[in-house]
Amino acid sequence: MWAAVAKGKPLALMEIQGLTHRFGGLQAVTDFSLSLGEREIIGLIGPNGAGKTTIFNLVSGFYPPMGGTITFQGNAIQGLKPHQVAGRGIARTFQNIRLWGDMTVLDNIRLAHTYGLGYGFFGAIWRSKRYFKEEKLIEENSRELLDIMGLSDVTDEFAKNLPYGSQRRVELARALTSKPKLLLLDEPAAGLNSSDVEDLIKLIQWIHSEFDICVWMIEHQMKVVMSLCQKISVLDFGRVIASGTPDQIQSDPDVIKAYLGDSSL
Amino acid sequence: MRQRFFNIVFVFAAVVLVVAAQAGFFDNYVLTVLMFMGVNIIFATSLNLVNGYMGEFSCGHGGFMCVGAYIGSLVSVAFFTGGKLFGDPLLGPKLAPFLFPVVLLIAMFVSALFGLIVALPSFNTRDDYLAIITIAANYIIISIIENIDAIGGPRGFSGMKSTINAMRDVVDLPWMLIYVLLSTFFCIIVLSRLVTSIYGKGIMAVCQNEVAAEIMGVNTNKVKIMAFMVSSGLAGLSGVLYAHLYGYVNAQSFSILKSTEGLVMVYLGGMGSLSGVVIAAVAFTLLGELLRFIIPAANNAFHAIGLLPADFELSQIWKWVIIPMILILLMQFRPEGILGNKELTDVFPRLKRWVYFK
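Residues numbered from 1 in each chain as written. Chains lettered and ligands numbered in written order. Predicted model: local features only at pLDDT ≥ 70, side-chain atom pairs only at ≥ 80, totals over all residues. Heavy atoms only, no water.

Overview of the confidence of the model for chain B
Residue and element names in this part refer to chain B. This is how the line gets drawn: Note: pLDDT gives the predictor's confidence per residue, expressed from 0 to 100. Runs of H or I in DSSP of at least four residues are treated as helices and runs of E of at least two as strands, each being numbered from the N terminus.
The pLDDT averaged across chain B works out to 88; a share of 97% of its residues lies at or above 70. Confidence, expressed as mean pLDDT per element, reaches its minimum in chain B at helix α15 (residues 344–347) with 80 and its maximum at helix α11 (residues 220–246) with 94. With a pTM of 0.90, the predicted complex shows an ipTM of 0.87.

Right under this line is the structure:
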């Protein structure tokens, strides 16, 4: 660990070593390794079915990986339950928006404070002093967050009634609620038109600087990936076929082959 | 703070009811119907926590009521009156009116533990499959109790009437009415406070998007255990009251039919609406009682105009045709129930000055 500091490299926020997972006979992820530094923006691209979302699911704890280690801030997190991973400071959004539709936007944000709630069942029933204190604090925090995310005028709307772009924004706000260190974005630009995409790029840049956060994103729209990411890894059939800066990736023959097919065929 | 207004109104109404009952204002029948309203409110609102707020389909709620009814009856008889099974009472009849809440608490606790039968499988199972598990749980509980001969087996268990008489002998008050009112109040307070807190909103998050709940830091397994335990604990509470109101329990009265009654009340009121389900429970109880008069009246009327053959009589069994029929009509024409997932305060915003549910 100290060696890395001595060399002047940024200390790794998350270190993934040899991550492997299978679904039945399908090798979904093979020997995936990656190091994410603090405050980096990193991209993960690859054709459909390459295993990108599986990697996110493994990192966020939906299934325990069959092999490999995931170290976050010096602690192993593989095998933890999703809510525990969230408690460590890893937040994520989904490719298909997963908001709690029948709740108001405010409740969506308030509920994201559940981990680390100081009062328990009896506190909620008895309405202890602590309950009022915490609920008040959480409500204030949530309103403040909605305010800075530009959502203050839809606070009391039901999440399902919002337009698609705003739902994306609410989902981002909800992910940022717990002040995570690492934000996983699963295709944030999916379903957005080109002007929305511009906004999204600005929003992610702003979030990155405002919240001092490391962003790791899966994205198909090259415009987003190329303008945001400092480092990109390309996945095909569960294996990393290339990694490097956007420029290197764009001219990599393996990547072109994976996306456009082999010209020799 | 607004909740305080509701509390004051409730306490006031309760005191008026108790005083009126004590003064002999109600006859026994009206009083019994009132108390069964309370029991049904507790039974239906507790089922609503799972079926409405959490979105799972529990069809075995009667089973947990059965556990509560039996445990409460056994403890009550053992504590206060004794009998063939227990010999001398543990505490004596003098304490009955004051220590009855202990009986309620014990029964609630035990039925909450039985809620784990459903809560633990719910980690990996959901929807239709979990519904089948709840039906199985209902049958398991009833069969177990029916086969314990020491507590009456299929003949049922009685002796609670003497507890009630003992209460009246010590201090002459309508004790059962008081305890039914207190329990109903307790149930509504627990549920409304639970679902308005962030802690309890996790239940709704599990319903609306379980994956998102998990990823946002909600411990879904814990939430499920909590919801099922609270729900079955409160069902147990309604069971104790039910058993004491009849003075006799039989496992068969908590069969799938009882669970269905609960479902009817929940779907009539609107899933996920506390006030709606309370209204539905009151309406359902009244409907059941009204049919007692309507069916014979209809029978006479139909015979008078010759619609029915002379040797065919409409019996009370027709209640079980009419009530499911109402359910069918409800699902056809207003599938969301009386209030949908809204509360009374959403329909009449002016009420918000005094009460809130969300």
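Here we look at the pairing of strand β2 (residues 26–37) of chain A
Residue and element names in this part refer to chain A. What counts here: Pairing between strands requires that DSSP locate at least two bridges from one strand to the other.
Judged from the eight bridges that link them, strand β1 (residues 12–23) and β2 form a sheet pairing that is antiparallel. The residue bridging His21 from the neighbouring strand is Val29, located in β2. Between the end of β1 and the start of β2, which pair antiparallel, lie two residues, with Gly24 showing a positive phi angle near 60 degrees.

Description of the environment of Leu104(B)
Residue and element names in this part refer to chain B. Put simply, the test is: Relative accessibility under 20% of the residue-type maximum defines a buried residue, over 50% an exposed one, and the middle range a partly exposed one, all with a 1.4 Å probe and only protein chains included. By definition, residues are in contact when any of their heavy atoms lie within 4.5 Å.
With respect to the helices and strands, Leu104 occurs in helix α4 (residues 96–114). Judged by its relative accessible area of 8%, Leu104 falls in the buried class. The spacing of Leu104 and Ser73 is 31 residues in sequence and 9.6 Å in space, taken between C-alpha atoms. Setting aside anything within four residues of it in sequence, one finds Leu104 in contact with Ser183, Leu237, Val240 and Leu241.

Remarks on the state of the cysteines
Working definition: the covalent bond between the sulfur atoms of two cysteines is a disulfide. Filter applied, for reference: Criterion for a disulfide: a pair of cysteine sulfur atoms within 2.5 Å.
In this structure the tally under the stated criterion is zero disulfides over all chains. Of all cysteine sulfurs in the structure, the one in Cys229(A) sits closest to Cys214(A), which takes part in no disulfide; the separation is 10 Å. Relative accessible area serves as the criterion here: at 1%, Cys214(A) is assigned to the buried category. Summary of cysteine pairing: Cys59(B) is not part of a disulfide, and the nearest cysteine sulfur, belonging to Cys207(B), is at 16 Å.

A word on the packing of helix α2 (residues 28–53) of chain B against helix α12 (residues 256–269) of chain B
Residues and elements named next belong to chain B. Rule in force here: Helix axes use the C-alpha atoms of the stretch in contact, all axes being lines fitted to C-alpha atoms, and the angles between their N-to-C directions lie in the range 0 to 180 degrees. Here the word oblique covers every angle except those under 35 degrees (roughly parallel), over 145 (roughly antiparallel) and from 65 to 115 (roughly perpendicular).
Remark: α2 packs on α12, axes separated minimally by 9 Å, with the N-to-C direction vectors making an angle of 75 degrees. The orientation of α2 with respect to α12, classified from their angle, is roughly perpendicular. Two secondary-structure elements touch here, α2 through Asn40, Phe43, Ala44, Leu47, Asn48 and Asn51 and α12 through Lys258, Ser259, Gly262, Leu263, Met265, Val266 and Tyr267.

A look at the domain arrangement of chain A
By a widely used convention, the size of an interface equals the accessible area lost when the partners come together. Residues and elements named next belong to chain A. What counts is decided by this rule: Throughout, the edges of the domains are those of an automatic or database domain assignment. Buried area: the accessible surface (1.4 Å probe) lost by two parts on joining, summed over both. The term salt bridge refers to a side-chain nitrogen of Lys or Arg lying within 4 Å of a carboxyl oxygen of Asp or Glu.
Here chain A is partitioned into domain 1 (5–89 + 179–260) and domain 2 (101–163). One C-alpha centre belongs to domain 1, the other to domain 2, and the line joining them spans 29 Å. Listed per partner, the contact involves seven residues of domain 1 and four residues of domain 2. Carbon and sulfur atoms supply 82% of the area buried between domain 1 and domain 2, which totals about 450 Å² over both sides. It is Gly87, Trp206 and Phe211 that lose the most area in domain 1 upon contact with domain 2, and together they represent 56% of the buried surface on that side. Applying the counting criterion to the domain 1 and domain 2 interface returns zero salt bridges.

Things to note about the pattern of salt bridges
Applying the stated criterion across every chain, the model contains 17 salt bridges over all chains. The partner of Arg130(A) in a salt bridge is Glu134(A), and the shortest N-O contact between them spans 3.5 Å. You can see Arg130(A) and its partner Glu134(A) sitting in helix α6 (residues 129–148), four residues apart, about one turn around the helix. By relative accessible area, Glu134(A) is classed as buried at 16%. Here Lys136(A) and Glu140(A) are joined by a salt bridge, their closest N and O atoms 4.0 Å apart. Of this pair, Lys136(A) and Glu140(A) both sit in helix α6, four residues apart, which is roughly one turn of the helix. Residues joined by salt bridges that share partners form a network here, namely Asp107(A), Arg110(A), Glu135(A) and Lys201(B).

Topic: the interface of chain A and chain B
Taken together, the contact pairs 32 residues of chain A with 27 residues of chain B. When the two sides are added together, the surface that chain A and chain B hide from each other amounts to roughly 2800 Å², 67% of it contributed by carbon and sulfur. Together, Trp100(A), Phe121(A) and Arg127(A) form the three largest contributors to the area buried by chain A at its contact with chain B, with a combined 21%. Where Asp107(A) meets Lys201(B), a salt bridge forms, and the shortest distance between an N and an O atom there is 3.6 Å. Sorting the residues of the side of chain A that touches chain B by element identifies α3 (82–88), α4 (105–111), α5 (121–126), α6 and α7 (164–176) of chain A as the ones contributing at least two each.

Concerning helix α7 (residues 160–170) of chain B
All names here are of chain B. Put simply, the rule is: For this quantity, the arc is that covered by the directions from the helix axis to the C-beta atoms.
Every buried residue belonging to α7 is among Met160, Thr163, Ile164, Ala166 and Met167, and all of these are buried. Projection of α7 onto a plane perpendicular to its axis shows the buried side chains occupying an angular sector of 155 degrees, all on one side. Looking at the packing, one finds that the buried side of α7 touches α3 (61–81), α4, β1 (157–158), α8 (175–196), α11 and β2 (248–249).

Observations concerning the sheet that holds strand β6 (residues 90–92) of chain A
All names here are of chain A. What the six strands build is an open sheet, ordered β6-β7-β8-β3-β9-β10; its pairing is mixed. In this open sheet, the two edge strands, each paired with only one partner strand, are β6 and β10 (239–244). Between one strand axis and the next, the sheet turns by 20 degrees as a mean value, whatever way the strands run. The pairing of β6 with strand β7 (residues 182–186) spans three bridges and is classified as parallel. Bridging from a neighbouring strand, Ile90 pairs with Leu182 of β7. Where helix α2 (residues 52–59) meets the sheet, it contacts β3 (41–45), β6, β7, β8 (214–218) and β9 (231–236), and its direction lies at approximately 140 degrees from that of β8. On the sheet, α7 packs against β6 and β7 and is oriented at approximately 155 degrees with respect to β7.

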